[in-house]
Amino acid sequence: SIRSPLDGYLERRYVDVGEYVDVGTPVADIVQIDKLKVYVEVPERDASYIRPGDQILLRFGFDGEGNFPGIIDNVDRVGDAITRTYRTRIIVDNKDGLIRPGMIGSTILVRGKPREGISIALDSVIARKGTRFVVVVDGGKAVIREVDLGEIGRAHV
């Protein structure tokens, strides 16, 4: 009778019941997936914005359950000279077992401190004589409001 010293899932069995094996022979692979280590390659331009202990969001595209919070556990001190990336380990709770080892996902990294503001479509901004403004409805009337453009980026839905 063989018992595993840890709780987990039987991933692969190498021997059949009743088969004789020598001491030290692997008989099965047991995996624990309630907490996963996710490795990502962070580009050099973003590496200075992340530190161990920071929270990060991981996205996996299955069943609409795609967003999982994680904690950065380690950022390599030395980057890859060819890809100019830093290997980063993220710990993710996976109590429900929705993420499976080997799945491909993406991370959402917010660089810098978020500024308070609103997001609008760039084509609604009017530029004239060095100022930028938008037209809004205020009390049933069209009113011009000057705006300051912050970060310009692409939204993903």
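In this convention, every chain numbers its residues from 1, walking through the sequence in written order. Local features in this predicted model are restricted to residues of pLDDT 70 or higher, and side-chain atom pairs are both shown and tallied only at a pLDDT of 80 or more, whereas totals for entire chains, interfaces and linings draw on every residue. Hydrogens are left out, water is left out, and the side-chain values use all remaining heavy atoms of the structure.

### As for the packing of aromatic side chains
Here is step 1: A pair of Phe, Tyr and Trp rings is counted when the ring centres sit within 6.5 Å of each other, with Trp represented by its six-membered ring. The angle between the planes then sorts it: under 30 degrees is stacked, over 60 is edge-to-face, the rest tilted. Tallied over the entire structure, the rule returns 1 aromatic pair.
Here is step 2: Ring geometry for F60 against F68: centres 5.9 Å apart, planes inclined by 70°, an arrangement best described as edge-to-face.
Here is step 3: Partly exposed describes any residue whose relative accessible area lies between the buried limit of under 20% and the exposed limit of over 50%, with all areas from a 1.4 Å probe on protein chains only and scaled to the type maximum. Owing to a relative accessible area of 5%, F60 belongs among the buried residues under this scheme.
Here is step 4: By the criterion adopted, a ring carries a charge over it if an Arg CZ or a Lys NZ lies within 6 Å of its centre and within 35 degrees of its normal. Here R87 stacks its cationic end above the ring of Y39, 4.2 Å away from the centre of that ring.

### Some words on the pattern of salt bridges
Between side chains of opposite charge, pairing is possible as soon as their charged atoms come close.
Here is step 1: What makes a salt bridge here is a side-chain nitrogen of Lys or Arg within 4 Å of a carboxyl oxygen of Asp or Glu, nothing more. Here the structure, examined in full by the defined rule, presents 5 salt bridges.
Here is step 2: Here D73 makes a salt bridge to R89, at a shortest N to O gap of 2.6 Å. Of this pair, D73 sits in strand β5 (residues 67-75) while R89 is found in strand β6 (residues 85-93), placing the two residues 16 residues apart along the sequence.
Here is step 3: For R89, a relative accessible area of 23% translates into the label partly exposed. Here a strand is any run of E in DSSP of at least two residues, a helix any run of H or I of at least four, and the numbering for each starts at the N terminus.

### A word on the confidence of the model for the protein chain
Here is step 1: For every residue, the predictor states its confidence as a pLDDT score lying anywhere from 0 to 100. Averaged over all residues, the pLDDT of the protein chain equals 85, while 88% of them reach at least 70.
Here is step 2: Across the protein chain, element-level confidence peaks in β6 with a mean pLDDT of 95 and bottoms out in strand β7 (residues 106-108) with 83.

### With respect to the environment of D7
Here is step 1: Tracing the sequence through the fold places D7 in the segment before β1 (9-13).
Here is step 2: Accessibility expressed as a relative area gives 68% for D7, which makes it exposed.
Here is step 3: Residues D7 and V31, spaced 24 residues apart in sequence, show a C-alpha to C-alpha distance of 8.3 Å.

### What to know about the sheet that holds strand β10 (residues 141-146)
Each strand in a sheet pairs with its neighbour through backbone hydrogen bonds, running either in the same direction (parallel) or in the opposite one (antiparallel).
Here is step 1: In spatial order, the strands read β8-β9-β10; together these 3 strands make up an open sheet with antiparallel pairing. A single partner strand is all that each edge strand has here, and the edge strands are β8 (126-128) and β10. Taking the axes of each pair of neighbouring strands and ignoring which way they run, one obtains an average angle of 40° across the sheet.
Here is step 2: Two strands pair when backbone bridges link them, and β8 and strand β9 (residues 131-138) are joined in this way by 3 bridges, in the antiparallel orientation. Any two strands are treated as partners once DSSP identifies two or more bridges connecting them. A fitted line through C-alpha atoms serves as each axis, taken over the contacting stretch for helices, and the angle formed by two N-to-C directions is quoted from 0 to 180°.

### Brief notes about the sheet that holds strand β4 (residues 55-59)
Here is step 1: Spatial ordering of the open sheet is given by β3-β6-β5-β4-β7, a layout of 5 strands whose pairing is antiparallel. Whereas interior strands pair on both sides, the edge strands pair on one side only; in this sheet they are β3 (35-43) and β7. Taken pair by pair, the neighbouring strands of this sheet meet at an average axis angle of 40°, ignoring direction.
Here is step 2: Pairing of β5 with β6 involves 5 bridges; the strand directions are antiparallel. In the strand pairing of β6, I72 is matched with I90.

### What to know about the environment of F133
Here is step 1: Inspection of the secondary structure puts F133 in strand β9.
Here is step 2: Through-space distance from the C-alpha of F133 to that of I144 is 6.5 Å; in sequence the pair is 11 residues apart.
Here is step 3: What F133 contacts, discounting residues up to four positions off in sequence, is S124, V125, I126, R128, I144, R145, E146 and V147. Whether two residues touch is decided by their heavy atoms; if any such pair falls within 4.5 Å, the residues are in contact.

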